[in-house]
Amino acid sequence: MMTAGPKPSTPPAGLSGTAAIVGIGETDYVRGSDKSILQMVLGASMDAINDAGLTPNDIDGILPPPGFVAWDEIAAHLGVKDVRYTSTPQMGGASPTAALLTATMAIAAGVATTVLVPIGWNGYSAIRPKPGARPNRRRFTAAFFETVRNLYAPYGLRSAPWWYALYLQRYVDLYDVPPEAAGAVALACRKHAQLNKRALMRDRPMTMQDYLDSPYITTPLRKLDCCVETDCAAAVVLTSTERARDLPHRPVVYLGGAEGHSAPADELTNRPDVLRLGLHAGAPRAFEMAGVRVSDMDFLEIYDCFTYVVLLQLEALGLAEPGGAADFVKGGTLELGGRYPLNTHGGLMSQGHCWGLNHVVEATRQLRGEAGRSQVEDAELGLVTGYGDLGDGSIAILARGDR
Amino acid sequence: MSGEKVPGKVIGKPDDLNLELFTAIVASDRMCLQKCDNCGNYHHPPRMYCNRCFSGDHSYPPVSGAGTVHSYTVSHHTAEPAWRAELPFVSVVVELDEGPRVVGAGVVDDPESVRIGQRVQVVPERRTDDFAYLTVHFDKQDNR
């Protein structure tokens, strides 16, 4: 049989450094917003556009996530008059960070000049509606929902903790991962949330004993291994790095990034190695494109839907061997003041769940030097990861740009 | 018990190839898997093309149902009323001897006793003409 031969290892030419994040916006992270999803998304988008020193007329690309809001209503309500490019990544929580790559491609190719990446949802209120509230209008279309309906949900495995537990228990058993390793992730996020006035879990500090005492949801996941459901929205604006120099803030340059997907993507128990995430495939490509190593990173904003998923991503990034994340996180590695501060805003675990676009917003603040009490000293390089659906991965490597 | 209807639990409503698979399981009252008619490779969930030889021809023969525990999770909490009385319950990823893995409900007195590598038997229980619930039995094997 003929084969296509090895894939070229050359990174995509001409992408690294061509686009930059120039505007950021986010709502508060709350349980029970009075606003609709569309209102929240438009508010965060307008904040991001204003932050960039632009108006909606400057936006010509819109890359919304799947399921909640669509590009056409965003454009119509903001008054965007000349939309040249739209697309929606279909990979759940990996979508916003993946959209940064798509935006960079569109900008580098000259298809669009200034791209809005928005996200928002009622992650808390959707399943706890206020009296009289209308249900969400839209639904997701990813094929894996068919898998869930027929192969997982009949067994009581109806939402994310139960799906991911199907492989995380194997991770724990195979490598004897102690709960304290996952606890170190939860504690770092909670500690950093204490410094963030917008974090849901501000003023609620946590100890390792609190973590260990929290009840199991489904093994190996305890309640405090799970992120917090919130109502929120966030948005970022990208444009060419060249144009970014004329805008108000120091540009945060897109140095490299990638998507990565396990095979099959629509079912997680039949992968040859169930512990190989999309990020395992994507991370090396991103570092190659960026021309940097993971050891060059000053901070990590890692998609933290569940603590153990963060441990696996640390390994996927090359920071530890398979099973080695438990040792890696010992001794405050992930805390501010440690070698690799994690989720300096509190993350999905303790700031709120905004599909990881809140991680992009925070990385931008860090690289602008505007992260306040959470600022990592002399931060020049950082990364953001996304994780979604049944393990799709995305990564963005960002750099402090020149003024 | 075969044919027992459990109110409130999600019952699968398969389409397309999943419907072909579950119809074969219900009709034979045995575990079945999609098998490539060209190279003999087994797939789960079923696929339009064999991922080894890319043939589009396949059938759904019965298989032994024997396999090993590849992974599992013990649920101590549920958002579903239908599952509350069964807490804690164990869900098992079984690697069947033919290669593919399936998820099923563990039938075991002590969920904490489940270990990766244990030999198990997958037994389908008919729920509708289109769907069978897979149970995973430990007692029929010589476990440690």
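See above for the structure.
Residues numbered from 1 in each chain as written. Chains lettered and ligands numbered in written order. Predicted model: local features only at pLDDT ≥ 70, side-chain atom pairs only at ≥ 80, totals over all residues. Heavy atoms only, no water.

Digging into the side chain of Thr104 of chain A
All names here are of chain A. Counting through the fold element by element, Thr104 comes out in helix H3 (residues 95-109). Assessed through its relative accessible area of 0%, Thr104 is described here as buried. Other than its neighbours up to four places away in sequence, Thr104 contacts Leu15, Thr18, Ala19, Leu238 and Tyr254. (Helix = DSSP H or I, 4+ residues; strand = E, 2+ residues; numbered from the N terminus. Buried < 20%, exposed > 50% of the residue type's maximum accessible area, 1.4 Å probe, protein only. Contact = heavy atoms within 4.5 Å.)

Describing the pairing of strand E8 (residues 131-137) of chain B
All names here are of chain B. Counting buried positions along E8 gives seven out of seven residues, so the element sits mostly inside the fold. Burial along E8 is two-sided: Phe131, Tyr133, Thr135 and His137 facing one way and Ala132, Leu134 and Val136 facing the other are all buried. Pairing geometry for strand E6 (residues 101-107) and E8, over three bridges, is parallel. Directly across from Gly106, in E8, lies its bridge partner Val136. (Pairing = 2+ DSSP bridges.)

Comments concerning the pattern of salt bridges
Evaluated as defined, the whole model comprises 22 salt bridges over all chains. Across the pair Asp15 of chain B and Arg149 of chain A runs a salt bridge whose closest N-O atoms are separated by 3.1 Å. You can see Asp15 of chain B sitting in the segment before helix H1 (16-28) and its partner Arg149 of chain A sitting in helix H4 (residues 144-152), one on each of two chains. Its relative accessible area of 38% is what places Asp15 of chain B among the partly exposed residues. Between Asp97 of chain B and Arg119 of chain B there is a salt bridge, and its shortest N-O distance comes to 2.9 Å. With Asp97 of chain B in the loop between strand E5 (89-96) and E6 and Arg119 of chain B in strand E7 (residues 119-128), the pair connects residues that are 22 residues apart, well separated along the chain. (Salt bridge = Lys/Arg side-chain N within 4 Å of Asp/Glu carboxyl O.)

Comments concerning a negative patch on the surface
Residues and elements named next belong to chain B. Together, Asp109, Asp110, Glu112 and Asp139 make up a negatively charged patch on the protein surface. Relative to the assigned elements, Asp110 resides in the loop between E6 and E7. Residue classification places Asp110 among the partly exposed positions, given a relative accessible area of 40%. (Patch = residues over 30% accessible without salt bridge, like charges linked within 9 Å, V, L, I, M, F, W, Y side chains within 5 Å. Areas by Shrake-Rupley, 256 points an atom, 1.4 Å probe, with all protein chains shown as cover. Lys, Arg positive; Asp, Glu negative; His and termini not counted. Charge placed at Lys NZ, Arg CZ, Asp CG, Glu CD.)

Topic: the sheet that holds strand E11 (residues 392-400) of chain A
Residue and element names in this part refer to chain A. Pairing is mixed across the open sheet formed by nine strands, whose spatial order is E3-E2-E4-E7-E1-E8-E11-E10-E9. Looking at strand neighbours, the two that pair on one side only are strand E3 (85-86) and strand E9 (299-301), the edges of this open sheet. Relative to strand E8 (residues 252-260), strand E1 (residues 19-26) runs antiparallel, the two sharing two bridges. The residue bridging Ala20 from the neighbouring strand is Val253, located in E8.

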